[in-house]
Amino acid sequence: MSAAVIVTGLVKQFGRFAALRGVSAEFAAQRLYAILGDNGAGKTTLLRALAGLTPPTGGSISMLGTTDLHSVCGQLGYMAHPSLLYDEMSGMENLRYFARLYDVADCDCRCAGAIHAVKLDPSLTRPVGQYSQGMRQRMSLARALLNDPKILLLDEPFSNVDLGSAREMVSLLMGLRDTGKTIFVVTHQAALLEGAADEFVWMEAGQIVSRTPDLQPQETR
Amino acid sequence: MSTVASLTRATLAKDLRLEWRSKDAINSMLFFSLLVVVIFSFSFDPTAEESRQIAGGLVWVAFLFAAVVALNQTWAREMRNQVLDAYRVSPAPPNALFLAKVIGNFIFVTVLQALMTPLFIVFYNLRALGPAYQLPIVAALGTWALVVNGTFFAAMSLRTRSREIMLPLLLFPISIPALLAMVEATGAILTGEFSARFWIVLLAAYDVVFTIASLFLFAFVLQAE
């Protein structure tokens, strides 16, 4: 299977602190990767670097066959820990605006579809600021799915989401993987992805320390 | 070009909707300008002639300070929930975002001017002795100068720790030529003592130069960490 993402010697320095210390890895297409590790291990920095939000200090990233990340940004879906949504607008209004940024055709239909996919109601008129944290997370995932991306980068998608909804999100991600998307999920709730993720990528102190097909406690690796 | 125009329209509509719902910027600007008008009026109690001499400076300083409030708001709203990152990861051109913000701020400051001008006239007993038709031209060119630079420098100071302080520190020195032109042109029109043409041309040139420079540089500012 061809590599969707190739990371070579990736270094990210914040002042004197090295968040990524020479990360090198290949990630095959159409797989679901769970990126795990303690706080400060570099998971979010790696995801932001893949999204093109954090320019690396050293090394390179090749995505979908190119190192020019800007040229493939239309094929990325990114969900961050904050919602990336405007609190004063409804979910549908938010998605309509972001759909315009991606020049999505049949905007209303696609937005409603994305909202349905995360089990929310597109006709909900109240502003996102009044949503529960879990609803906001799901709406944020809907925003990331809007442009039908080939690569999905999700940072803590299950945080503050109840167990039932989190499991539904996992099923949705598995479905998306099966339709050909490559998915990276940074999470502290790795157990949710057991049996769903194709690979667990363990990070520690800015490096990938192991990659396992199953979820195993770090101590036993 | 059509993409930039269409995304500028979409972003502008979104910003106007957000401002309509929150009224953060317009309320702060209004109260600030109102305070300036009232306090200066009571502090100096100028005659009509004195008013004509100082009004240019007073009006534009009030609008400049008030505009800073709106300029800070315009980006603060993008930083809440890190929404700006959603724009940065999208293929949308940075200039569309910049233009939408500039036009949005231009509208907010123009609304403020429309609301405050009658008050200035009443409190300072103002009457233009020169060609009054030039006043809207000066107002439009001056406001554009303020908001183009202001929007650009507000974006630059976005990630600094004390951005409310940083913006005036960056903006005011670079706005001095424009401010001088606005004050002199307004004074010239109100007093009728000399022609405002030179200052209007200077203001127009300033607008063209800084609009082009800001459009050229904004992509770097947006992508900076």
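Residues numbered from 1 in each chain as written. Chains lettered and ligands numbered in written order. Predicted model: local features only at pLDDT ≥ 70, side-chain atom pairs only at ≥ 80, totals over all residues.

Participant: How would you summarise the overall build of chain A if you had to cite specific residues and measurements?
Facilitator: A tally of regular secondary structure across chain A gives 5 helices and 9 strands. When its helices and strands are written in sequence order, chain A yields β-β-β-α-β-β-α-α-α-β-α-β-β-β. Each principal axis of the C-alpha distribution contributes one length, and for chain A these read about 45 × 35 × 35 Å. Out of the 221 residues belonging to chain A, those deemed buried represent 46%. (Helix = DSSP H or I, 4+ residues; strand = E, 2+ residues; numbered from the N terminus. Buried ≥ 20, exposed ≤ 12 C-beta atoms within 10 Å, placed from the backbone.)

Participant: Explain the sheet that holds strand 5 (residues 76-79) of chain A residue by residue, including any values.
Facilitator: Residue and element names in this part refer to chain A. Sheet architecture is open: 6 strands sit in the order 5-6-7-3-8-9, paired in mixed fashion. Looking at strand neighbours, the two that pair on one side only are strand 5 and strand 9 (207-212), the edges of this open sheet. The average angle at which neighbouring strand axes cross in this sheet is 15°, direction not considered. Direction of pairing for strand 6 (residues 151-155) relative to strand 7 (residues 182-186): parallel, over a ladder of 5 bridges. Pairing of L152 across the sheet is with I183, part of strand 7. Of the strands in this sheet, strand 3 (32-37), strand 6 and strand 7 are in contact with helix 5 (residues 163-178), which crosses strand 7 at around 150°. (Pairing = 2+ DSSP bridges. Axes fitted to C-alpha atoms, helices over the stretch in contact; angles between N-to-C directions. Contact = placed C-beta atoms within 7 Å.)

Participant: How would you summarise the environment of W20 of chain B if you had to cite specific residues and measurements?
Facilitator: Within the element layout of this structure, W20 of chain B appears in helix 1 (residues 2-22). Considered as a pair, W20 of chain B and G57 of chain B are 37 residues apart in the sequence and their alpha carbons are 30 Å apart.

Participant: Help me get a handle on the interface of chain B and chain A, residues and values and all.
Facilitator: The accessible area lost on association of the parts is a frequent measure of interface size. The interface of chain B with chain A comprises 20 residues on the first partner and 23 residues on the second. Those elements giving two or more residues to the side of chain B that touches chain A turn out to be helix 1 and helix 4 (83-88) of chain B. Examining the composition of the side of chain B that touches chain A, we find that 7 residues originate from one element, helix 1 of chain B, more than from any other. Of the residues assigned to the side of chain B that touches chain A, the class counts are 9 nonpolar, 4 polar and 7 charged. (Nonpolar A, V, L, I, M, F, W, Y, C, P; charged D, E, K, R; others polar.)

Participant: Could you give an account of the nonpolar core, with specific residues and numbers?
Facilitator: In terms of nonpolar packing, the biggest core is built from 137 residues, with V185 of chain A together with L203 of chain B touching the most fellow members. Apart from residues lying up to four places away in sequence, L203 of chain B is in contact with V138, L141, G142, A145, A178, A181, M182 and A185 of chain B. (Core = buried A, V, L, I, M, F, W, Y, C linked by C-beta atoms within 7 Å.)

Participant: Please give an account of the environment of R197 of chain B that cites residues and values.
Facilitator: For R197 of chain B, the position within the fold is in helix 8 (residues 197-223). Sequence separation of R197 of chain B and N149 of chain B is 48 residues, and the distance between their C-alpha atoms is 23 Å.

Participant: Before we move on, could you go through helix 2 (residues 91-101) of chain A and cite the residues and values that matter?
Facilitator: Residue and element names in this part refer to chain A. The buried fraction of helix 2 is high, at 9 of 11 residues. G91, M92, N94, L95, Y97, F98, A99, R100 and L101 are the residues of helix 2 that are buried. Once helix 2 ends, the next one or two residues include D103, with phi positive near 55°.

Participant: Before we move on, could you go through unusual backbone geometry and cite the residues and values that matter?
Facilitator: Residues and elements named next belong to chain A. Residue N160 is not a glycine yet carries a positive backbone phi of 65°. Looking at where N160 falls in the secondary structure, it is placed in the loop between strand 6 and helix 5. With 13 C-beta atoms packed within 10 Å, N160 lands in the partly exposed category. One non-glycine residue, A205, lies in the positive phi region at around 45°.

Participant: Now, about the sheet that holds strand 2 (residues 17-28) of chain A: what can you tell me, with residues and values included?
Facilitator: All names here are of chain A. The strand order across the open sheet built from 3 strands is 2-1-4, with neighbouring strands paired in antiparallel fashion. Both outer strands of the open sheet, strand 2 and strand 4 (58-63), are each paired with one neighbouring strand and no more. For this sheet, the mean inter-axis angle between neighbouring strands, taken without regard to orientation, is 15°. Inspection of the sheet shows strand 1 (residues 3-14) paired to strand 4 by 5 bridges, in the antiparallel sense. The partner of V7 across the bridge, within strand 4, is I61. On the sheet, helix 1 (residues 43-51) packs against strand 1, strand 2 and strand 4 and is oriented at approximately 65° with respect to strand 2.

Participant: So what's going on with the packing of helix 7 (residues 163-191) of chain B against helix 8 of chain B? Which residues, and what values?
Facilitator: Residue and element names in this part refer to chain B. Between helix 7 and helix 8, the shortest axis-to-axis distance is 9 Å and the interhelical angle comes to 150°. The angle between the axes of helix 7 and helix 8 places the two elements in the roughly antiparallel class. Between helix 7 and helix 8 the crossing geometry is left-handed. Note on element contacts: helix 8 touches helix 7 through W199, I200, L202, L203 and Y206, opposite P177, A178, A181, M182, E184, A185 and A188. Class assignment of the residues belonging to the contact of helix 7 with helix 8 gives a composition of 11 nonpolar, no polar and 1 charged. (Parallel < 35°, antiparallel > 145°, perpendicular 65-115°, else oblique. Left-handed = near helix turned anticlockwise from the far one by under 90°.)

Participant: Any details on the pairing of strand 9 of chain A? Residues and values, ideally.
Facilitator: Residue and element names in this part refer to chain A. Both strand 8 (residues 199-204) and strand 9 contribute to a ladder of 5 bridges, which runs antiparallel. In the sheet register, M203 faces strand 9, and the bridge partner there is I208. The hairpin formed by strand 8 and strand 9 contains 2 residues between the paired strands, and A205 there has a positive phi angle of roughly 45°.

Participant: Lay out the pairing of strand 7 of chain A with the relevant residues and their values.
Facilitator: On a regular strand, each side chain points to the face opposite its neighbour's, so the side chains alternate between the two faces of the sheet. Residue and element names in this part refer to chain A. Within strand 7, 5 of the 5 residues are buried, which leaves it mostly tucked inside the rest of the structure. Burial of the side chains of strand 7 extends over both faces: T182, F184 and V186 are buried on one face and I183 and V185 on the other. Where strand 3 and strand 7 come together, 4 bridges link them in parallel fashion. Looking across to strand 7, one finds that Y33 is bridged to F184. In this fold, the crossover linking strand 6 to strand 7 by way of helix 5 has right-handed handedness. (Right-handed = clockwise from strand over helix to strand, strands pointing away.)

Participant: Help me get a handle on the packing of helix 2 (residues 24-44) of chain B against helix 5 (residues 94-124) of chain B, residues and values and all.
Facilitator: Residue and element names in this part refer to chain B. Where helix 2 meets helix 5, the axes come as close as 10 Å, and the angle between the chain directions of the two elements is 20°. Overall, the two elements helix 2 and helix 5 adopt an arrangement that is roughly parallel. The two elements helix 2 and helix 5 cross, and the hand of that crossing is right-handed. Residue-level contacts link A25, I26, M29, L30, S33, V37 and S41 of helix 2 to F108, V111, L112, L115, M116, L119, F120, F123 and Y124 of helix 5. Taken together, the residues that form the contact of helix 2 with helix 5 break down as 14 nonpolar, 2 polar and no charged.

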